[in-house]
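# Structural features, examined
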Amino acid sequence: MSNFKPKQVSFDDLNAIEKDNLLTAIRRGASRRDVLKMMGALGVTSAAAATGIFAGAKDAWAQTPKRGGRLVIAHDQHGPNDTLDPQLYTSTIDYTRGRMFYGSLVRLGPDLVPQPELAEAFEVSSDGKVWTFDLKKGVTFHDGSSMGPDDVVWTMSRHLGKESKSKAGSLVDYVTEWKKSGPNQVQAILESPNVDLPTILGTFHFKILKKDTTDFSKTVGTGPYRIKEFKPGVRSIGTPFEDYWGEGGYLDEIEMFGIGDPVARLNAFLNGDIQVMGNVTSKAIPQVESADGREIFSVPSGAYINIAARRDMAPGNNNDLVLALKHLMDRERVVKGVLKGQGGLGNDQPIGPAYADHCSDIPQRALDPEKAKFHLKKSGHTGPIEIVAAEVAPGSVEQALFLQREAKKIGLDVQVKKVTSDGYWGAVWLKAPLCVVSWNMRPTANVMMSLAFKGDAKWNETFYKSDKFDDLLVKSRAVTDPGPRKQMYCDMQEIIHNEYGCILPAHRNYVDGIASNVKGIPKVPLNAFGGAELPVGVWLDS
Amino acid sequence: MWSMILRRIGIGIVTMFAVSVIIFCGTRILPGDAAQIRLGQEATETNLAAFRKELGLDRPAHVQYFSWVKDTLSGDLGVSLASDVPVTDLIRDRYKNTLYVSAVTAVIGVPLSVLLGILAAMFPGGIYDRVVTFISVTLVSAPEFFLATLLVLIFAFYFNFTSAVVVGGVEGKTFLEILRHFFLPIMALCMIIAAQLIRMTRAAVLNVMSSPYVEMAILKGVPRKRIIMRHALFNAIGPIVNVIALNLAYLISGVVIIEVFFAYSGLATLMVQGVQTRDYNLIQVLGMLFCCVYIILMLIADIASIVSNPRLRHPR
């Protein structure tokens, strides 16, 4: 018997270039088999050795979070109305601070599919009207008391009822009651079926509080950090909660505040005073990219800018004219020129690729003067069209100007009336026949469409009503089966794409700046700082 | 003299009451209220009414006014309408920043600029006067944010001496550390007030220099330095002190742009945020605080000019 043993080669034994090649391959999705081939080329013939190398490399790439360090992050708005009461949250700073101190029943990942957090399992009854959440055991609040169903029921009930102060009340207005249904179980009783409820509960306002909390200056949560300091409009500081039930809370301290002025914020970021900066303006992107140790953290989202044409009055009541305008929109130019590539092409319907229910089967509409000419002729429209525009978001005015330019080429006179953004939502929006709009992303396609496209919605900005659409919208709330669900959502998106007065050139990304050693921020598309999910998993590489 | 000072104090108190009425009415004229702003798009008639009742905004205006005056006089400054935090907490978190910055700015900036102004007045038209005039006129005309940007560029990025914005608190820091902490805002504010003070000091001293008794002194052969230090300066104190008082009041209540640019929270920014959120209680308290500071500074300025001027000290 020979005591010859093949030399065990590990990932660490490779030289720098080999390591680099391997990591690049794995990053591109190379499988164990591919790595085996690569190793063969390097002279490593033992399958076991290659497998070991593969595992080592994969670990090195995934980079296990390191503990320790202090992180300073700044977004734009903060002020005396900063609050620790989740139902009153209004800003990214509030949302992110909430993530630091509190937990939710579920957590949303980059795909917006709800994952268990404080609820370890959840299921809906067959009629879609009762949602049951099994709570995780052994979760404690920062004061040492344990979290239970009473806390959850109390927290969730704050969002219900006509006198509720909750900013998110309308997202759950179909819930009639929350009740304790077991020693570690709660149930939500719904008026009408809604399969989106868990996704919605993963958003900012539904953080779990301790029952009967009244003094929100000294509140406790179940989050990975406990409150060390909270001064509204000054700063918040969190330190790790030693009894946190899950993975996360890696830093020694997180400090968070707002710097309203974009130039000052950029200065602070480039100078190293802060390591994470929210809302990098498109002008500042090249500056951040060229700075040493500074990176752009860009997350494609469903947020968008659009021109809303009212379908209940001239000129938008003529669908051919609206189609002509849709074909005149130079989407590429909006995305490349104004958003500096930090966005995606819009397809005249609100449900962009960031939504789980996005329909990719609808062909992308592009600038097409010929088709525009055809529809314009068919519409029989003559005379000028006026679009009211204000700087409500990056690109909101430019989209109208681009449209004006292309329209002129085919002999259509589009006039852009620029007004101030102060008071715009009250004075112009939902009133002018054509005006520019900016929308944030909502957690689900159904929420977004119920808010601004349902025939009787308060914010149905194009004043279009399609019975088929409304019917699908309500029915789809009860459908979980992927096949039929996809069909329904595609049908709805197609109706908006073809019939509504929504001229939508671009979805914009959330663009933040981060220092190169800041890791572990998930790309959740709902807001800045990875959908405000940053605090849980963020860590600092040395 | 004492009766005069007492009268000034009396006028000051009457002014404060007048201002309190103006501030109260002013806040109520603003469109929308705290309840509406806090509820935002979720506002419905029912929850608005409930929220207004909770905040005490449903009471008639005069009832609100008198309960505010009563509470304030008994030392209760009320709770912020925008965040349910006591107003005193909000102010406590910020007043130190404002106090440190304005005090240090005043201690450095005021004597320095008065001195430079007097020196400029000593040799009007000379090269020194021209240089000082050129620099101060430039600084007066430069907008605050431009000056601030320039300072950041030089001290934060070029010399890497300090951070671009003020980060962190002042707790447990020594005087030198605080100086460094607020280096850029103090520097910017020194330049801003110096520009004005130098111009005013120079003008006030030169004004006195053209009066008959100074001509008399020149004719009798008193050296120029002595004329300025013994005769002109004392007579120029009145206007100079008034300008100093105005500048100090500005340092307490008007440095919004500097606070925003260097991202530290002070009282001026708090006032702006109060207006944005329609936080009546906060606006009222800060308004009265600023008014109080202003009246006290003006009182001191008046007393200083009375003391320095025999004609006012012994009125006929």
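Summarised in this report is the structure supplied together with it.

### Digging into the sheet that holds strand β5 (residues 130-135) of chain A
Residue and element names in this part refer to chain A.
- Taking strand neighbours across the sheet as the criterion, the four strands line up as β4-β5-β7-β6 in an open arrangement whose pairing is antiparallel. The open sheet terminates on both sides in strands that have one partner only, identified here as β4 (119-124) and β6 (175-182). For this sheet the average axis-to-axis angle between neighbouring strands, irrespective of direction, equals 20 degrees.
- Note: β5 against strand β7 (residues 185-190), five bridges, orientation antiparallel. Within β7, the position partnered with Val130 by the bridge is Ile189.

### Some remarks on the side chain of Thr219(A)
Residue and element names in this part refer to chain A.
- Secondary-structure assignment places Thr219 in the loop between α6 (197-201) and β8 (225-231).
- What makes Thr219 buried here is its relative accessible area of 6%.
- Engagement of the side chain of Thr219 in a polar contact is seen with the side chain of Tyr102, the distance being 3.2 Å.
- Setting aside residues up to four positions removed in sequence, Thr219 forms contacts with Leu84, Tyr102, Leu209, Thr213 and Ile227.

### Focus on the state of the cysteines
- Taken as a whole, this structure holds one disulfide over all chains when the rule is applied.
- Each disulfide pairs two cysteine sulfurs, and for Cys359(A) the partner residue is Cys490(A), the sulfurs being separated by 1.9 Å. The sign of the 95 degrees torsion about the S-S bond sets the Cys359(A)-Cys490(A) disulfide as right-handed. Here Cys490(A) lies in helix α16 (residues 482-499) and Cys359(A) lies in the loop between β14 (343-345) and α11 (369-379), a separation of 131 residues in the sequence.
- Classification of Cys359(A) as buried rests on a relative accessible area of 4%.
- Left unpaired, Cys291(B) is separated from the closest cysteine sulfur, that of Cys292(B), by 6.7 Å.
- By relative accessible area, Cys292(B) is classed as partly exposed at 28%.

### Side note on a nonpolar patch on the surface
Residues and elements named next belong to chain B.
- Taken together, the side chains of Phe145, Phe146, Leu150, Leu153, Ile154, Phe157, Tyr158, Phe159, Phe161 and Ile257 make up a nonpolar region of the molecular surface, amounting to roughly 1000 Å² of accessible area.
- With seven residues, the top contributor of residues to the nonpolar patch is helix α7 (residues 144-158).
- Along the chain, Phe157 turns up in helix α7.

Reading the values: the criteria
Residues numbered from 1 in each chain as written. Chains lettered and ligands numbered in written order. Predicted model: local features only at pLDDT ≥ 70, side-chain atom pairs only at ≥ 80, totals over all residues. Heavy atoms only, no water. Pairing = 2+ DSSP bridges. Helix = DSSP H or I, 4+ residues; strand = E, 2+ residues; numbered from the N terminus. Axes fitted to C-alpha atoms, helices over the stretch in contact; angles between N-to-C directions. Buried < 20%, exposed > 50% of the residue type's maximum accessible area, 1.4 Å probe, protein only. Polar contact = N/O pair within 3.5 Å; in protein donor to acceptor, adjacent residues only side chain to side chain. Contact = heavy atoms within 4.5 Å. Disulfide = S-S within 2.5 Å. Patch = residues over 30% accessible without salt bridge, like charges linked within 9 Å, V, L, I, M, F, W, Y side chains within 5 Å. Areas by Shrake-Rupley, 256 points an atom, 1.4 Å probe, with all protein chains shown as cover. Salt bridge = Lys/Arg side-chain N within 4 Å of Asp/Glu carboxyl O.

Nothing here speaks to function; it is geometry throughout.
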